[in-house]
Amino acid sequence: METPATNLRELCGNLAVENFKGGLNCCESVYNALLRSGVLSGVDPKTQAMCIGFGGGIGLSGHTCGALSAIVMACGAVYGRPDPWAVSEDSRMSEIAQKYYRRYNRLTHDFEEQFGSTDCAELCSRFEDFHCVERRKSCLKMIAASAKLAYDYLQMSQEEAFALPYGENLGGNA
């Protein structure tokens, strides 16, 4: 049975596809879908401008997938620290690792598990030509799924995110 949340999740995916077909890049497509669906209510729509450089894995460099970057930015817009200076200097960095990074760490590992990589170049490597129809179709599917993944992570409360287990990470955190 479909619930309003299921419908909103599907709407995010559908809007992201519509956006990509309409000429937005992968990052813009996902982020704009979250704005248009109302999932990012309260977030200034002008923040979408930040997405422009993330297409093609940051300016076509092939690094972090733009769809993943959109999810990270959307979660940061809702759950980021609005005033990091309000936290005492001696605990400012430890607070990030102990709490905030958990959402983004788990998200990155979930993205990689679902798509096989977080890297645009690697995700597109099976296609001879970046501009081919098959690659665009593959990206369309990934963009739709990314918008739904973003929806899922945006529904997670801060308390739930702070309790997520770390996956592999540079800090050796568990």
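Scroll up a little and you will see the structure.
Scoring rules and cut-offs
Residues numbered from 1 in each chain as written. Predicted model: local features only at pLDDT ≥ 70, side-chain atom pairs only at ≥ 80, totals over all residues. Heavy atoms only, no water. Core = buried A, V, L, I, M, F, W, Y, C linked by side-chain atoms within 4.5 Å. Buried < 20%, exposed > 50% of the residue type's maximum accessible area, 1.4 Å probe, protein only. Helix = DSSP H or I, 4+ residues; strand = E, 2+ residues; numbered from the N terminus. Contact = heavy atoms within 4.5 Å. Phe/Tyr/Trp six-rings, centres within 6.5 Å; stacked < 30°, edge-to-face > 60°. Lys NZ or Arg CZ within 6 Å of the ring centre and 35° of its normal. Expected span 1.5 Å × (residues − 1). Polar contact = N/O pair within 3.5 Å; in protein donor to acceptor, adjacent residues only side chain to side chain. 1 Å grid on protein atoms, 1.4 Å probe; cavity = no way out; pocket = protein on both sides within 12 Å on 5 of 7 lines; lining within 4 Å. Points joined across faces, edges and corners; volume = space filled by probe spheres on them.

Caption draft 1: Focus on the nonpolar core. One finds Val 30, Tyr 31, Leu 34, Leu 40, Ile 71, Phe 111 and Leu 154 to be the most contacted residues of the largest nonpolar core, which totals 45 residues. Listing elements by their share of this core, those giving two or more residues are helix 1 (4-21), helix 2 (26-37), helix 4 (66-79), helix 5 (89-115), helix 6 (120-124) and helix 7 (133-155). No other element matches helix 7, which puts 11 residues into this core. Not counting residues up to four positions away in its chain, the partners in contact with Leu 154 are Leu 34, Val 39, Leu 40, Ala 74, Cys 75, Val 78 and Tyr 79.

Caption draft 2: Spotlight on the side chain of Ser 69. Within the fold, Ser 69 resides in helix 4. Ser 69 gets classed as buried once you look at its relative accessible area, which sits at 8%.

Caption draft 3: The arrangement of the packing of aromatic side chains in detail. Scanning the entire structure with this criterion turns up 2 aromatic pairs. Ring geometry for Tyr 100 against Phe 162: centres 5.1 Å apart, planes inclined by 70 degrees, an arrangement best described as edge-to-face. In this pair, Tyr 100 sits in helix 5 while Phe 162 sits in helix 8 (residues 158-162), placing the two residues 62 residues apart along the sequence. On the accessibility criterion, Tyr 100 (17% relative accessible area) is buried. Take Phe 162: its relative accessible area is 23%, and that puts it in the partly exposed class. Lying over the aromatic face of Phe 130, Arg 135 brings its terminal NZ or CZ to 3.9 Å of the ring centre.

Caption draft 4: Focus on helix 2. If you check helix 2, its first and last C-alpha atoms are 17 Å apart, about what 12 residues at 1.5 Å a residue would give, namely 16 Å. Counting buried residues along helix 2, 11 of its 12 residues qualify, which places the element largely inside the surrounding structure. Within helix 2, burial applies to Cys 26, Cys 27, Glu 28, Ser 29, Val 30, Tyr 31, Asn 32, Ala 33, Leu 34, Leu 35 and Ser 37. Close packing links the buried residues of helix 2 with helix 1, helix 3 (55-58), helix 4 and helix 7. The backbone nitrogen of Cys 27 lies 3.0 Å from a side-chain oxygen of the residue at the head of helix 2, namely Asn 25.

Caption draft 5: Examining the side chain of Ser 117 more closely. Following the sequence through the fold, Ser 117 ends up in the loop between helix 5 and helix 6. A distance of 3.0 Å separates a polar atom in the side chain of Ser 117 from the backbone nitrogen of Asp 119.

Caption draft 6: Spotlight on the layout of surface pockets. Volume-wise, the largest pocket comes out at about 250 Å³. Taken together, 20 residues make up the lining of the largest pocket; nearest its centre are Phe 20, Cys 26, Gly 56, Phe 130 and Arg 135. At the level of secondary structure, the elements contributing two or more residues to the lining of the largest pocket comprise helix 3, helix 4, helix 6 and helix 7. The element best represented in the lining of the largest pocket is helix 7, accounting for 5 residues.

Caption draft 7: Quick peek at unusual backbone geometry. We note that Ile 58 has phi near 80 degrees; this positive angle belongs to a residue other than glycine. Its identity is not glycine, yet Leu 60 carries a phi of approximately 65 degrees, on the positive side. Tracing the sequence through the fold places Leu 60 in the loop between helix 3 and helix 4. The exposure class assigned to Leu 60 is exposed, which follows from its relative accessible area of 64%.

So far we have only geometry, and geometry alone does not tell us how the molecule works.
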